[in-house]
Amino acid sequence: MTERLNPEQMSPVLRAALMRGLTSRRALVTGALGLGATAALTACGSEGTATSTASGSASKTAAAAQDMSDTEKVVNWSNWTQYIDVSEDEKTRPTLDAFTKDTGITVNYTVLPENELRDKVTQDVATQAGQYDVATVGAYEVPIWAKNGWLHEVGGYASKDPAFDMADILKPMVQSLSGPDGNLYAIPFYGESSMLMYRKDVMAAKGITVPERPTWQEVADIAAKVDGAEPGMKGICLRGLPGWGEMFAPLTTVVNTFGGTWFTKDWKAQVNSPEFTQAVKFYADLIKAHGEAGASQAGFSECLNALSQGKVAMWYDATSAAGSLEDPSISKAAGKIGYAYAPVVKTKTSGWLWTWAWAMPKTTKKADPASKFMLWASGKEYEKLVGEKLGWSRVPAGKRASTYEIPQYKTAAAAFGDITLKSIQGAQPTDPGVQPRPTVGVQFVGVPEFADLGTKVSQQISAVLAGNGTVDQALADGQKLAETVASKYAGK
C-alpha cells in the first residue's frame, strides 16, 4: 500500500523563506535558509512513500492500500532552491506530483538548515537508527560512510536503467561519490565548483572591469571601490557562519591558494602556519572592512539573499547559486550579474568541487522503491520537468554533460554555464594547493574528524568576525585540535 507521511510543521519564517525560494543548496532537511538559506543536508525516500523526521510514521489511505505493500519512507533534503524545487507545492513546485502520478509513490520530506541536517543525518546513519530511506549527503561523507559499510551501493540501480544514462554523469561527480572499492554509493543531484559573482551594472558605473580570472588582491581592491556604491550596499559577501561546510567551504579554498593546508602529506598540522594565518587574516579583514552586516551569522543563504536583493556588490561562493540569481521571481539582480573564476594567489585555480547527492542508508528496507526516487530526481526527465515548469535557470546542473547541450538551458545559463562547467572540470581534488595532501578533497580533509575540527575552528573565527578574540589565538587553538587529529593518522 502507499503511505503518505505528514511533513514536519514549518515555522512561519521558514515557510515564507521557502515560498520565496530563498533556500540554501547545502541544506537538506528542516531549516530556514535559502538556496543555501538555512537548509539542511538530509535525505529523501522513494517508492511507496517517504516518512518525515517529525512524524516518523505514515498515514495510510484507502486508495494507497490498493496499490502497494506497507511502506515507510523518510526523505530529507536541504532548503536550497534546487531541493525546494523537488518539493510539492500545488502552485509553484509541481515536480513531486509528477513523480507520484507516474509511480504511485508519495514522497514526504523534512527540510533543515545545513548544519542541523548534517548532524541529524550523520547521527541516524552512524547509529543505524533507520529513520531515513534516502538521505541527502555530500562528497565529503560518501567515501567515508561507504568505507564504514553504512550505505547501499547504488551504481547497479543506475546502470540497469537505460533512461538514467550513467555514462552522461560528469566524471568528477562519479569519482567524488565512489567508495574505496570503486563502486558508486550515491547519485548526484547537482554538482558545483565555486566562482566570483558580481553586479555588472555597479562595476560599469564605477568604471571597473572584473578580470575573468581575478586574484584575491584584485577582489579586495574592487570591494573597497564598490562599498557604498548604492545606498546600503557593501562591497562583498563571504560566509562567516560557523561550520566546516559553511564558512570553511570558501575559506579553505582561500587557504589553499595562499599556499596553506590543514595538514601536510605526512599528517603534520599546519593550522597556525604563516600561510594559513595569512589567508584567514585576509579573509577576516576583507569581511570586516567591506563585508556584509552580521557576517558572523551569514552563510550561503544569507549571502545569496544579499546579492540578489542588492545589499552587496560581489559574492564568492558556489556556482550553483547562479540559477537563483538569474531567476527574476526571486532575484532583483537577475540579468545584472557577472561571473568570474574563483580568485587565486599562488595556484592556477582554486575552485572547490562538491556535489549534493542521494544516498540510501544500509538500514532501509525499501531499497528498490528508494532507488526509483533517486534515479528520477537525478534523471534527464526531471531536469526537463524543472526547466519547463519552473524555468531553465533552475535546473540542478553540474552533474550531466548533456545538460550543457540543451538549447533552452544554454540560453538560460549563457552568463554562467561555461564557467560553471569548466570550473567543475578544472577542480583539483587530489592537488588543490601548492603541496601534496594526505587525502582527497579541495575544501575539506577526507577523514571523519574533519567535521568536528573544521567546525570548532570556524566557531572561533566567527567570533573574531563578531569582535571577540584574534585570528592568531583562534588558529593557535585550532592547531592544538589539528595536532590531535593528526596523531591518529601520522605514520600509518
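Since we're looking at a predicted model, the values are computed, not measured. (Residues numbered from 1 in each chain as written. Predicted model: local features only at pLDDT ≥ 70, side-chain atom pairs only at ≥ 80, totals over all residues. Heavy atoms only, no water.)

1. Looking at the pattern of salt bridges
Inference 1: For the structure shown, the criterion picks out 15 salt bridges.
Inference 2: A salt bridge links Lys120 to Glu116; the shortest N-O distance between them is 3.6 Å. Here Glu116 and Lys120 lie together in helix H5 (residues 114-127), a separation of four residues that amounts to about one turn.
Inference 3: Look at Glu116 and you get partly exposed, because its relative accessible area is 33%. (Salt bridge = Lys/Arg side-chain N within 4 Å of Asp/Glu carboxyl O. Helix = DSSP H or I, 4+ residues; strand = E, 2+ residues; numbered from the N terminus. Buried < 20%, exposed > 50% of the residue type's maximum accessible area, 1.4 Å probe, protein only.)

2. Thoughts on the state of the cysteines
A covalent bond between the sulfur atoms of two cysteines is what we call a disulfide.
Inference 1: Summed over the entire model, instances satisfying the criterion amount to one disulfide.
Inference 2: Paired by a disulfide, Cys237 and Cys303 hold their sulfur atoms 2.2 Å apart. Disulfide Cys237-Cys303: the torsion about the S-S bond is -75°, which places it as left-handed. Linking Cys237 in the loop between helix H10 (216-226) and helix H11 (248-257) with Cys303 in helix H13 (residues 300-308), this pair joins segments that are 66 residues apart in sequence.
Inference 3: In this structure Cys303 comes out as buried when scored by relative accessible area, which is 0%. (Disulfide = S-S within 2.5 Å.)

3. Re the layout of surface pockets
Inference 1: By volume, the largest pocket is sized at about 570 Å³.
Inference 2: Forming the walls of the largest pocket are 23 residues, and the residues nearest its centre are Pro143, Thr439, Val440, Phe444 and Gly446.
Inference 3: Looking at the lining of the largest pocket, the elements that each hand over two or more residues are helix H6 (141-147) and helix H8 (171-176).
Inference 4: Tallied by class, the residues present in the lining of the largest pocket amount to 14 nonpolar, eight polar and one charged.
Inference 5: In this structure, the second largest pocket occupies an estimated 410 Å³ of space. (1 Å grid on protein atoms, 1.4 Å probe; cavity = no way out; pocket = protein on both sides within 12 Å on 5 of 7 lines; lining within 4 Å. Points joined across faces, edges and corners; volume = space filled by probe spheres on them. Nonpolar A, V, L, I, M, F, W, Y, C, P; charged D, E, K, R; others polar.)

4. Focus: the packing of helix H12 (residues 274-290) against helix H20 (residues 471-486)
Inference 1: At a closest axis distance of 10 Å, the pairing of H12 and H20 adopts a crossing angle of 135°. With respect to H20, the element H12 is oriented oblique. Handedness of the H12/H20 crossing: right-handed. Contacts from Phe276, Thr277, Val280, Lys281 and Ala284 of H12 reach H20 at Val471, Asp472 and Leu475.
Inference 2: Looking at side-chain class alone, the contact of H12 with H20 contains five nonpolar, one polar and two charged residues. (Axes fitted to C-alpha atoms, helices over the stretch in contact; angles between N-to-C directions. Parallel < 35°, antiparallel > 145°, perpendicular 65-115°, else oblique. Left-handed = near helix turned anticlockwise from the far one by under 90°. Contact = heavy atoms within 4.5 Å.)

5. Brief notes about the sheet that holds strand S8 (residues 187-192)
Inference 1: Strand order in the open sheet made by the three strands is S7-S12-S8, with antiparallel pairing throughout. The open sheet has two edge strands with one neighbour each: strand S7 (135-138) and S8. The mean inter-strand angle of the sheet, taken between neighbouring strand axes irrespective of direction, is 20°.
Inference 2: Here S7 pairs with strand S12 (residues 354-359) via four bridges, running antiparallel. When the bridges of S12 are listed, Ala135 appears paired with Ala359.
Inference 3: Running over the sheet, helix H15 (residues 367-377) touches S8 and S12 and is turned about 150° from S12. (Pairing = 2+ DSSP bridges.)

6. A few points about empty space enclosed by the protein
Inference 1: With the rule as written, the count across this model stands at five cavities of 30 Å³ or more.
Inference 2: The computed volume of the second largest cavity comes to approximately 80 Å³.
Inference 3: Across the lining of the second largest cavity, the residue classes tally to six nonpolar, six polar and one charged.

7. Considerations on the sheet that holds strand S9 (residues 194-199)
Inference 1: Strand order in the open sheet formed by three strands is S10-S9-S11, with antiparallel pairing between adjacent strands. Unpaired on one side and paired on the other, strand S10 (314-318) and strand S11 (337-341) mark the two borders of the sheet. Strand-to-strand twist in this sheet, taken as the mean axis angle between neighbours without regard to direction, amounts to 30°.
Inference 2: Relative to S10, S9 runs antiparallel, the two sharing five bridges. When the sheet's bridge partners are listed, Met197 is paired in S10 with Trp315.

8. Points about H11
Inference 1: Burial runs high along H11: ten of the ten residues are buried.
Inference 2: Every buried residue belonging to H11 is among Phe248, Ala249, Pro250, Leu251, Thr252, Thr253, Val254, Val255, Asn256 and Thr257, and all of these are buried.
Inference 3: Residues of H11 that are buried make contact with H10, H12, S10 and helix H19 (450-465).
Inference 4: Downstream of H11 by a residue or two, Gly259 has a phi angle that is positive, lying close to 100°.

9. Concerning the pairing of S8
Inference 1: Burial analysis of S8 places six of its six residues in the buried class, which makes it a mostly covered element.
Inference 2: The sheet contact formed by S8 and S12 spans five bridges and is antiparallel. Among the inter-strand pairings, Ile187 is bridged to a residue of S12, identified as Trp358.

10. Section: the packing of H10 against H12
Inference 1: At a closest axis distance of 10 Å, the pairing of H10 and H12 adopts a crossing angle of 15°. As judged from the angle between their axes, H10 and H12 are roughly parallel. Of the two possible hands of crossing, H10 and H12 adopt the one that is left-handed. Residues Trp216, Gln217, Ala220, Ala223 and Ala224 of H10 touch H12, and the partners they reach there are Phe282, Leu286 and His290.
Inference 2: Of the residues belonging to the contact of H10 with H12, the class tally is six nonpolar, two polar and no charged.

11. So, the nonpolar core
Inference 1: Formed by 142 residues in total, the largest nonpolar core has its most connected members in Trp262, Phe263 and Trp315.
Inference 2: A per-element tally of this core places H12 first, with eight residues.
Inference 3: Once you skip the residues sitting within four places of it in the chain, Trp262 turns out to touch Phe248, Thr252, Lys268, Ala269, Gln270, Val271, Phe276, Val445, Phe450, Leu453, Gly454 and Val457. (Core = buried A, V, L, I, M, F, W, Y, C linked by side-chain atoms within 4.5 Å.)

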